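Read off the chains here:
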Amino acid sequence: MENSFPLNDWHVRKTHLAINRLHAFLHGIALLSLFYYRLTSLTDIIRNKNTTLLLPHVLILISELILSFIWLLSQPSKWKPVVRTVYPERLPGDEKLPSIDVFVCTADPNKEPCLEVMNTVISAMALDYPSDKLHVYLSDDGGSVATFQAIKQAWKFSRFWVPFCRKYNVKVGCPEAYFSTDESGPDGKFSSSQFVVDKKAIQKSYEEFKDSLEEIVANTSTSVSRDHPPTIEVIGHANDDGIDTDNNDMPLLVYVAREKRPSHPHNFKAGALNVLLRISAMISNSPYILVLDCDMYCNDPSSARQAMCLHLDPKLSPKLGFVQFPQKFYNISETDIYDGQLRYIWPRWEGLDGLNGPILSGTCFYIKREALHGTQNFQEDVDLVQLHKCFGTSNEFIKSIYRNYKPNYPNERKFSDDALQKELQLLASCSYDNDTKWGKEVGFRYFAVVEDYFTGFNLHCQGWISVYLQPSRPAFLGASPISLSELLVQNTRWYLGLNQVAMSRFSPLVYGPLRMPISQSMCYAEFAYSPLYFLALYVLAVIPQFFLVRGISLYPEVSSPFFVVFSFVFLSSQLKHVQEIFSTGHSIRTWSNEQRMWMMKSLTSFLYATLEAVMEKIRLTKASFLPTNKVVDDEQAKRYQMGVHDFQAPALFMIPLCSLYILNVASFIIGFGRIMQTQKWGEMFIQAFIPFFATILHFPLLEGMVLRKDKGRVSPSVSLLSAVISTIFVSFASLGNYC
Ligand SMILES: O=c1ccn([C@@H]2O[C@H](COP(=O)(O)OP(=O)(O)O[C@H]3O[C@H](CO)[C@@H](O)[C@H](O)[C@H]3O)[C@@H](O)[C@H]2O)c(=O)[nH]1
Ligand SMILES: [Mn+2]
């Protein structure tokens, strides 16, 4: 029976495919006509030796080339969108399922509240999977006493929680979410009165658990240490408050704080995950691994079985590196003013699934251990010296690779085994990676601060494929930054990482095509090169405006056939965006949020990410991965919920945004005045439309600078400085005009 029906199925989204391809064709032709216009007008300018017009035309051409280049790169990810369905009920019996290790990472209890981290850990323990085949590892990069104490409490609570979830088939394994969403009724065979009693009891234990965490945070040091030996402890087995006897039906829970020394680079999350890879190889050595950020809990306990429907499919399995689920968020407000939900990413993943598979997204994926070891091309008789060079000096670890993923130490007593402890300490030491292939060809890659993107890229280069699964009930739910400041900082980090890749020999356009289909490389390149948007947008936010004030036209006039071309390019890209938004079930408000945030990110995050990457390239700075702050500020949260922007962001972000805004408003007003005088409507239409569009789209900035009085407004000093900068610019533009 088990083999007669497939475990999964897929189909192409035919309507999307047709719309996307038709749009690509029409938009492509329009772009070609646009460049024909630019080149002919540039040739005219050069022939007429019109030096004033040369520079602005060249700049605008560059910005149009950048926009079109990224548009072109984005096309393969729209070529063949694929949707997958899985049938977990067709999986073989539990005894035949492979085991799974879950890796959860946390870095700093002051930025990542213990309660949230523990909820993620507990939700992973409550996955619907045989307990003896589920092992949860928490990496504590802060090496913090508070986190260590908290996980012990989490273990105690989960001894009640996990059986409760199993008994009543609870759908939300994350207790905090469960008690706040009030999932109703028991499932099937239990009477509702028994359920009510049990639920009350478990709610009480959860309250006690929360109290205990509060106490820990109040009385224990939450400081983060950069200088400590490794700590590896199997929680609930050999812990100091008595040995548990009744652990048989509980997943294994392991706490790991790797060694950190100030003199050793620790490679951030990738470094932490690699330590977990090695430690878990010694303990459970599961063939599949689920990776979770500490802010991303399991919202559907069946995700493990769903992923197995793909990993165990004999047709996919040999080449399948990982199954990626989308990142969905529980804390997005209705207005989603900061576009925190990353909506634009997930349709691309569907498109990539029609090629060699989605990009690794850092969390919410089930990956094959073997893919991270990179042993697929190894000969059986590879010699030990080679293996040491590759995996480091631990023979036990090397043995684990060849042990065919059988648990190495299934016997509980062995956990306190001295030899094992010694090996674990070695594997979690900060110098273990030195002079090995860890972080380069083995495990998560260190090269860029977007370890997810870069690791996935390497796996695809090695011939692994990935698949994307987006079940209707989100398998995982996380927290997205809810302040403009946090979001721009996060994006600066992401795009710094992408720039590191783009500016290196690993550039997806050079390194990729030799190792994977060009279409797949283009999708990687779209992300890697998107920081270039900053150049395009700075030009478009300044140059047309400058010449509008001077009354010099840089675009075709309304009566020209090329006016139609420019209008078509603008409208077709906007309408395509709107179509994508509607087809993913969102409203027109999402369109304005995404447009606004795209511009804001381009003008700030992408700019700084590029500057940082260049500085790193010339060895002036070193890239780092500072985790986002997950502590919620009540006032900020309130503004966010009400859809009111919080402009309390660093001046470095706010000054460019505000200066450009004032500049656009001013140039529109002055330009409009000039047009009224000269009546050159047709000639200046496009140039007046650009600042007009920006003024409307970024209206919240105007409110923040002028109308609002609350704490989230733009600070008066920033507004003043921005006004000065833009006044200088506009006066320069108009003064020059009269000289
Ligand atoms: O030195 C570090 C830094 C971070 N983390 C952990 O990494 C995870 C992600 O950090 P977060 O601050 O939440 O960053 P985000 O920008 O939200 O993360 C996104 O972007 C990262 C790459 O920049 C990916 O690793 C993540 O999976 C992806 O969700 C968290 O669990 C952190 O605890 C560590 O373990 N060690
Ligand atoms: Mn996060």
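Definitions and cut-offs
Residues numbered from 1 in each chain as written. Chains lettered and ligands numbered in written order. Predicted model: local features only at pLDDT ≥ 70, side-chain atom pairs only at ≥ 80, totals over all residues. Helix = DSSP H or I, 4+ residues; strand = E, 2+ residues; numbered from the N terminus. Rg over C-alpha atoms; globule rule 2.2 N^0.38 Å. Buried ≥ 20, exposed ≤ 12 C-beta atoms within 10 Å, placed from the backbone. Contact = placed C-beta atoms within 7 Å. Pairing = 2+ DSSP bridges. Axes fitted to C-alpha atoms, helices over the stretch in contact; angles between N-to-C directions. Parallel < 35°, antiparallel > 145°, perpendicular 65-115°, else oblique. Nonpolar A, V, L, I, M, F, W, Y, C, P; charged D, E, K, R; others polar. Near = placed C-beta within 6 Å. UniProt positions renumbered as here; feature names shortened; annotations may be inferred. Expected span 1.5 Å × (residues − 1). Left-handed = near helix turned anticlockwise from the far one by under 90°. Core = buried A, V, L, I, M, F, W, Y, C linked by C-beta atoms within 7 Å.

> So what about the overall build of the chain? Which residues, and what values?
If you tally the helices and strands in the chain, you get 25 helices and 13 strands. In terms of C-alpha radius of gyration, the chain reaches 28 Å, essentially the compact-globule figure of 27 Å for 739 residues. If one aligns the C-alpha atoms of the chain with their principal axes, the spans along those axes are about 90 × 60 × 55 Å. Per-residue burial over the chain gives 46% buried out of 739 residues. Partitioning the intrachain contacts of the chain with sequence separation of at least 6 by distance along the chain shows that 84% fall at a separation of at least 24.

> Go over the sheet that holds strand β10 (residues 328-329), please, and point to the residues and values.
Spatially, the three strands line up as an open sheet ordered β8-β13-β10, and their pairing is mixed. Looking at which strands have only one partner, the edges of the open sheet turn out to be β8 (296-298) and β10.

> Can you break down the packing of helix α16 (residues 484-502) against helix α17 (residues 518-529) residue by residue, with the values?
The contact between α16 and α17 brings their axes to 8 Å, and the two run at 120 degrees. Taken together, the axes of α16 and α17 lie oblique to each other. Along its contact with α16, which presents L498, V501 and A502, the element α17 presents F527, A528 and Y529. Of the residues that constitute the contact of α16 with α17, the class distribution is six nonpolar, no polar and no charged.

> So, the site of ligand 1: which residues are in play, and what are the values?
Taken together, the neighbourhood of ligand 1 is formed by 25 residues, with C105, F268, D293, G362 and P627 sitting nearest. If you list the elements that add at least two residues to the shell around ligand 1, you get β3 (100-106), α8 (268-283), α15 (451-461) and α16. Take the shell around ligand 1: its biggest share by element is four residues, from α16. Residues that form the shell around ligand 1 fall into these classes: ten nonpolar, seven polar and eight charged.

> Describe the UniProt feature "active site" (unreviewed entry) in the chain, and please don't skip the residues or the numbers.
Feature annotation in UniProt places "active site" (unreviewed entry) on D141 and D452, given in this structure's numbering. Mapped onto the elements of the fold, D141 is located in the loop between β4 (134-140) and α5 (145-168). The exposure class assigned to D141 is buried, which follows from the 25 C-beta atoms found within 10 Å. Among all residues touching D141, those that are not within four sequence positions of it are C105, T106, A107 and A272. With respect to the secondary-structure elements, D452 resides in helix α15.

> Please give an account of unusual backbone geometry that cites residues and values.
Phi angles above zero are rare outside glycine, and K49 is one such case at about 55 degrees. With respect to the helices and strands, K49 occurs in the loop between α1 (14-47) and α2 (51-74).

> Now, about the environment of F692: what can you tell me, with residues and values included?
Relative to the helices and strands, F692 resides in helix α23 (residues 681-697). Sequence separation between F692 and I669 is 23 residues; the distance between their C-alpha atoms is 9.2 Å.

> Describe the sheet that holds strand β11 (residues 365-368), and please don't skip the residues or the numbers.
In space, the eight strands of this open sheet follow the order β5-β6-β4-β3-β7-β11-β9-β12, with mixed pairing throughout. The open sheet has two edge strands, β5 (231-235) and β12 (465-468), and neither has a second partner. Along the sheet, successive strands turn relative to each other by an average axial angle of 20 degrees, direction set aside. Alignment of β4 against strand β6 (residues 252-257), held across five bridges, turns out to be parallel. Residue V136 lies in a different strand from β6, and its bridge partner there is L253.

> Now, about helix α22 (residues 651-678): what can you tell me, with residues and values included?
For an α-helix, 3.6 residues make a turn, and residues three or four places apart therefore share a direction. Between its first and last C-alpha, α22 extends 39 Å over 28 residues, near the 40 Å set by a 1.5 Å rise per residue. The positive-phi residue at the C-terminal boundary of α22 is Q679, with phi of around 60 degrees.

> Summarise the packing of helix α19 (residues 561-583) against helix α20 (residues 588-617); cite the residues concerned and give the values.
At a minimum axis separation of 9 Å, α19 and α20 run at an interaxial angle of 125 degrees. Accordingly, the angle class assigned to the pair α19 and α20 is oblique. Where α19 crosses over α20, the two elements pack in a sense that is right-handed. Across the interface between the two elements, H577, V578 and I581 of α19 pack against I588, T590 and W591 of α20. Residue classes in the contact of α19 with α20 are distributed as four nonpolar, two polar and no charged.

> Could you give an account of the environment of Y344, naming the residues involved and the relevant values?
Tracing the chain through its elements places Y344 in the loop between β10 and α10 (345-353). Looking at Y344, the number of C-beta atoms within 10 Å reads 17, which means it is partly exposed. On a C-alpha basis, the gap between Y344 and I581 in space is 8.3 Å, while along the polypeptide they are 237 residues apart.

> Explain the environment of A218 residue by residue, including any values.
Of note, A218 is situated in helix α7 (residues 192-219). Measuring from C-alpha to C-alpha, the distance between A218 and A146 comes to 9.2 Å, with 72 residues separating the pair along the chain.

> An account of the nonpolar core is needed here, citing residue identities and associated values.
Ranked by internal contacts, the top residues of the largest apolar core, which has 188 residues, are F103, V104, V121, V136, V254, V256 and I279. In terms of residues, this core owes the most to one element, α22, which gives twelve residues. Once you skip the residues sitting within four places of it in the chain, V136 turns out to touch V102, V104, V121, A124, M125, P251, L252 and L253.

> Quick one: what's the story with the pairing of β11, residue by residue and with numbers?
The two faces of β11 match: F365 and I367 on one face and Y366 and K368 on the other face are all buried. Bridge count between strand β7 (residues 288-293) and β11: four bridges; the pairing is antiparallel. Looking at the pairing, I289 lines up with I367 of β11. As defined by bridge partners, strand β9 (residues 320-324) adjoins β11 across three bridges and the pair is classed as antiparallel. Its bridge partner lying in β11, V323 is registered against Y366.

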